[in-house]
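Descriptive structure summary
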There are 2 protein chains.
Amino acid sequence: MAVATRDRSTTDYAVLGMLTLRPMSGYDIRATIAESVAYFWTESYGQIYPTLKRLTKERLVTRRSERSGGRERHIYAITAEGREALAEWIVRPAQPRPPRNELLFKLFFARHVPPAEAAAQVERFRAEQERAVARFRAVEQELYDRHANNPDLAYWLITLRYGQLEAEALLRWSAEAGEILQELNAAAAPRGTRGEK
Amino acid sequence: MAVATRDRSTTDYAVLGMLTLRPMSGYDIRATIAESVAYFWTESYGQIYPTLKRLTKERLVTRRSERSGGRERHIYAITAEGREALAEWIVRPAQPRPPRNELLFKLFFARHVPPAEAAAQVERFRAEQERAVARFRAVEQELYDRHANNPDLAYWLITLRYGQLEAEALLRWSAEAGEILQELNAAAAPRGTRGEK
DNA sequence: TTTGGCATGTAATCCGTTACATGATTAG
DNA sequence: CTAATCATGTAACGGATTACATGCCAAA
C-alpha cells in the first residue's frame, strides 16, 4: 500500500538534506547553505529554527545540546525516518516554481526608457554572470581538491555544471543584447542630439 | 531634488506594464501575461484585482465600465503618472530574487536514491527544455509575422533570446547529466545484480 | 572597549497562490 | 442541457524575509 506522503515545505527537505552532510546547528545549516548551494538555494533563520523545532517533534531529526566554551549550541542529526522522508521526496518529480525574472520584465517594457538605461541593466547583469562563471570555476577546482573521495561528489559536479552552462549562456546573451541596445541607442540619439562636443 | 520613489511590489509594475500594451480588464491582463511573458512572469487573479483597485485609487490607472453583451467589464488604462512610475522603476537596478531550484536540490542529495531516479528527474527536465526550445522558435516566428512594426519588437526579441539561449544551454546540460547518471547507474547495478535474465 | 562573529529564537509583515462565491454567455 | 469560457472579486492560508531581542566570546 502506498504510503501517504505528508506534504511538507521544501524547507523541511532542505534542512534534512543539509543534515545528511553532518550533524549541525541551525546556525551551521545557514552557513553551509550559504557557502555551498547558495547559487540555487537559500534559507533564512526565520525558516530554519522553527523547522528544526518541528522536525524534532516529528522525530525526523534529534537534538542534543552542547556547550563549547560559554554559549550553548543545539546540534541536530537526521534520523532513519528523516532519511526515509528525504529519499521519498527526492524521487518525486521536481516542481519548477513560477518564473519571475525582474530583469526580463524591465527589458520587455524598456521602450519606455532611453535605450542607454536598458543597456545599463544588461551590463550589470553581464558583470554578474562573469563573476558567476569565475566563481564556478573556482568551486570546481575546490571540489576536486578537497572532496575527491566524497561519495556525493558526482552529484555535486552535476549541479555545478548546471550553474556553469547557464551562466555561460547568459553571459553570451548579455553580450548579444548589449550590442543590440547599443545600436538602438545610436539610432535614438545620433551624434549631436544631446549636445556633445 | 530626488523624488522619493515609493516602494511598490513588482506586481504593481507588472500590471502597469501590461496596460502600456492597451487598456485591459483584469481578466485580460491575466490572459495576456499567460500568452506572452509566461516564460518569465506570472500573476494570479488574487494579485491582479486588488492591485487594480489600489492603482486606481492612486491614480496610476483609470477605470471605466463597459457592458458588451450581458456581463460588465472593467477596463483599465494607464495614466501619465502611471507611465512615469513605470519608467522610474524600469531604470532602477533589477533585483535578482533568491534562487530556489528544486531540481538541483534533489540532484545535490541524489546519492541517497538509486541513480535511475536521478536520471528520471533529469529526463523529465530535458523533455521540458526541448518543448521550451520548440515553443521559443514558434514564438519568434510569430513575433516577426504579427508584430513586425510593433515599436516594442526589438525589446521583446531580446527577452525571447534570453529564453532561447537559456533553454538550449539547459538542454545540453540535461544530455550531459543524463550520460553521467547512466554511468553511475551501470556502476551501481551491474548486470546480474537485480536478477535480470 | 568596541566590533564582529557565533548563536538562538520570535514577531511582524509581505507576497502570492488557491479556494471559494457568483453568475452570464456561448458552443457543442 | 451542459461544459467551457468570460468575468470579478474576497478569504484563507502558507511560505519566506526582515526586524527585533538577547547575549557570549575573541580579537583589535
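Note that the coordinates shown come from a computational prediction; the quantities given were computed from them, not determined experimentally. (Residues numbered from 1 in each chain as written. Chains lettered and ligands numbered in written order. Predicted model: local features only at pLDDT ≥ 70, side-chain atom pairs only at ≥ 80, totals over all residues. Heavy atoms only, no water.)

**Quick word on the overall build of chain A**
Along the backbone of chain A there are 7 helices and 2 strands. On C-alpha atoms alone, chain A measures out to a radius of gyration of 23 Å, which is more than a quarter above the 16 Å that the 2.2 N^0.38 rule sets for 197 residues. For chain A, the spread of C-alpha atoms along the three principal axes comes to 70 × 40 × 35 Å. The buried share of chain A, reckoned over its 197 residues, is 40%. Contacts spanning at least 24 positions in sequence make up 57% of the contacts within chain A whose residues lie at least 6 apart. Surface exposure of chain A reaches about 10900 Å², of which carbon and sulfur atoms provide 51%. Distance between charge centres in chain A, computed from 30 positive and 26 negative side chains, equals 5 Å. (Helix = DSSP H or I, 4+ residues; strand = E, 2+ residues; numbered from the N terminus. Rg over C-alpha atoms; globule rule 2.2 N^0.38 Å. Buried < 20%, exposed > 50% of the residue type's maximum accessible area, 1.4 Å probe, protein only. Contact = heavy atoms within 4.5 Å. Areas by Shrake-Rupley, 256 points an atom, 1.4 Å probe, with all protein chains shown as cover. Lys, Arg positive; Asp, Glu negative; His and termini not counted. Charge placed at Lys NZ, Arg CZ, Asp CG, Glu CD.)

**Describing the environment of Ser-44 of chain B**
Residue and element names in this part refer to chain B. With respect to the helices and strands, the residue Ser-44 is situated in the loop between helix H2 (26-36) and helix H3 (45-57). A relative accessible area of 36% means that Ser-44 is categorised as partly exposed. Separated by 119 residues in the primary sequence, Ser-44 and Gly-163 place their C-alpha atoms 22 Å from one another.

**Overview of the side chain of Glu-43 of chain A**
Among the structural elements, Glu-43 of chain A can be located in the loop between helix H2 (26-36) and helix H3 (45-57). A distance of 2.8 Å separates the side chain of Glu-43 of chain A from the side chain of Trp-41 of chain A, its partner in a polar contact. Within the local environment of Glu-43 of chain A, its side chain forms a polar contact with the side chain of Arg-100 of chain B, the two groups lying 2.4 Å apart. The residues contacting Glu-43 of chain A, other than those within four sequence positions of it, are Thr-11, Ala-14, Arg-30, Ile-33 and Ile-48 of chain A together with Arg-100 of chain B. (Polar contact = N/O pair within 3.5 Å; in protein donor to acceptor, adjacent residues only side chain to side chain.)

**A short note on the relation of the copies chain B and chain A**
Of the transformation placing chain B onto chain A, the axial shift is 0.0 Å and the rotation is 180°, giving an RMSD of 0.0 Å. Classification of the inter-copy transformation places it as that of a two-fold axis. The overlap is high: 100% of the interface residues of chain B also sit at the interface in chain A, so the same surface is used on both sides. (Least-squares fit on C-alpha atoms with pLDDT ≥ 70 in both.)

**A word on the layout of surface pockets**
Residues and elements named next belong to chain A. One number sums up the size of the second largest pocket: a volume of about 310 Å³. For the second largest pocket, the lining is made up of 14 residues, of which Gly-26, Tyr-49, Arg-73, His-74 and Tyr-76 are closest to its centre. Only H2, H3 and strand E2 (72-78) provide two or more residues apiece to the lining of the second largest pocket. In terms of residues, the lining of the second largest pocket owes the most to one element, H3, which gives 5 residues. (1 Å grid on protein atoms, 1.4 Å probe; cavity = no way out; pocket = protein on both sides within 12 Å on 5 of 7 lines; lining within 4 Å. Points joined across faces, edges and corners; volume = space filled by probe spheres on them.)

**Re the interface of chain B and chain A**
Many structure descriptions define interface size as the accessible area lost when the parts assemble. In this assembly, 70 residues from chain B lie in contact with 70 residues from chain A. Summing the contributions of chain B and of chain A, the shared interface buries around 7200 Å²; its carbon and sulfur component is 66%. Taken together, the connections running from chain B to chain A amount to 6 salt bridges. Residue Arg-111 of chain A is joined to Asp-152 of chain B by a salt bridge in which the shortest nitrogen-to-oxygen separation is 2.7 Å. Here chain B and chain A share 33 residue pairs in polar contact (both at pLDDT 80 or more) between them. Residue assignment for the side of chain B that touches chain A shows that the elements contributing at least two residues are helix H1 (10-21), helix H4 (80-91), helix H5 (102-108), helix H6 (115-146) and helix H7 (153-188) of chain B. Among the elements that take part in the side of chain B that touches chain A, H7 of chain B stands out by supplying 18 residues, more than any other. Residue classes in the side of chain B that touches chain A are distributed as 43 nonpolar, 11 polar and 16 charged. (Buried area = accessible area lost by both parts, 1.4 Å probe. Salt bridge = Lys/Arg side-chain N within 4 Å of Asp/Glu carboxyl O. Nonpolar A, V, L, I, M, F, W, Y, C, P; charged D, E, K, R; others polar.)

Remember that the coordinates give geometry; whether it matters functionally is a separate question.
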